[in-house]
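# Coordinate inspection notes
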Amino acid sequence: MTTAAMTHGFALPSTRTVINLALGGFAGLGFWELFSAVPTAWLAEFPLEPPELVKSLFYHQLGLTISTPTAKLLHFTTGFLFYPLGYWMLTRRVKSFGMPADGWIWGVITYFIALAFFAPLAGQHFLLNDVPRLSFMSLIGHAIYGYLAAYVFEALESRESGA
């Protein structure tokens, strides 16, 4: 294996790519915020409240009480930066199935990260299986979030590469 091939596996995204990832993340997150508050509240009888999950996670795991604005900041940062970076790592370093599959798959993965991993750590039921309509709406919201974030990112990347 050449040195270039070895370092490529550890290469970080360019500044432009990180900006494009964040723009995609903001697009997906904007949708998520509206979806989690309005149609979810109508169909599941109450909205999804990710900041409450973040607050509960910090309390259950670290015994810390964090403010709602801090919890919102952590959720927003995850949605516009960390999840998009995860998408980039998955599709550029592990496996890409191409768009739109990559976006839908990543959205479903974010659902599992939130509700199969973090929810139980925050004292909630696995996949919120005690409130199935809320869990289902979360799945739909995360899937569409992933698709939108990936779509915007990939469109920006392809525009800038001249493809």
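Criteria and thresholds
- Every residue gets a number counted from 1 within its own chain, in the order that chain's sequence is written.
- Totals for whole chains, interfaces and linings use all residues, but because this is a predicted model, local features are given only for residues with pLDDT of at least 70 and pairs of side-chain atoms are given and counted only at 80 or more.
- The basis for every side-chain value is the complete set of heavy atoms in the structure, and neither hydrogens nor water enter the calculation.
- Numbered from the N terminus, helices here are DSSP runs of H or I no shorter than four residues, and strands are runs of E no shorter than two.
- Each residue is placed in one exposure class: buried if its accessible area under a 1.4 Å probe, protein chains only, is under 20% of its type's maximum, exposed if it is over 50%, and partly exposed if it falls in between.
- When checking whether two residues touch, look at their non-hydrogen atoms; a contact exists if any pair is within 4.5 Å.
- Every case where a carboxyl oxygen of Asp or Glu lies within 4 Å of a side-chain nitrogen of Lys or Arg is listed as a salt bridge.
- Helix axes are fitted to C-alpha atoms over the stretch in contact, other axes to C-alpha atoms as well, and angles between N-to-C directions run from 0 to 180 degrees.
- Throughout this description, any angle smaller than 35 degrees is read as roughly parallel, any larger than 145 degrees as roughly antiparallel, any in the 65 to 115 degree range as roughly perpendicular, and the remainder as oblique.
- Three classes are used: nonpolar for Ala, Val, Leu, Ile, Met, Phe, Trp, Tyr, Cys and Pro, charged for Asp, Glu, Lys and Arg, and polar for all others, with Gly counted as polar.
- Put simply, two rings from Phe, Tyr or Trp (the six-membered ring, in Trp's case) pair if the centres are within 6.5 Å, and we call them stacked under 30 degrees between planes, edge-to-face over 60, tilted for the rest.
- As a reminder, the over-ring test applies to NZ of lysine and CZ of arginine, requiring each to be within 6 Å of the ring centre and within 35 degrees of the ring normal.

Following the sequence through the fold, S138 ends up in helix α7 (residues 132-161). The class for S138 is buried, based on a relative accessible area of 2%. Among residues more than four places away in sequence, those in contact with S138 are W32, L48, Y111 and L115.

All told, the structure shown has three salt bridges when counted by the stated rule. Note that K55 and E52 form a salt bridge whose closest N and O atoms lie 3.5 Å from each other. Here K55 and its partner E52 are both found in helix α4 (residues 50-62), three residues apart, which amounts to about one turn of the helix. Note on E52: relative accessible area 39%, which makes it partly exposed.

It is at 8 Å that the axes of α4 and helix α5 (residues 68-94) come closest, and there the two elements cross at 105°. When the axis of α4 is compared with that of α5, the two are roughly perpendicular. For the pair α4 and α5, contact is made by P50, P51, E52, V54, K55 and F58 and by T68, A71, K72, L74 and H75, respectively. Residues belonging to the contact of α4 with α5 are distributed by class as follows: six nonpolar, two polar and three charged.

Evaluation of the coordinates by the stated rule reveals nine aromatic pairs. Between Y147 and Y151, the aromatic rings sit 5.9 Å apart at their centres with planes inclined by 25°, giving stacked as the arrangement. With a gap of four residues between them, Y147 and Y151 both fall in helix α7, about one helical turn apart. Taken together through their ring pairs, the aromatic side chains of Y83, W106 and Y145 make up a single cluster. Above the ring of F97, the side-chain terminus of K95 is found at 5.2 Å from the ring centroid.

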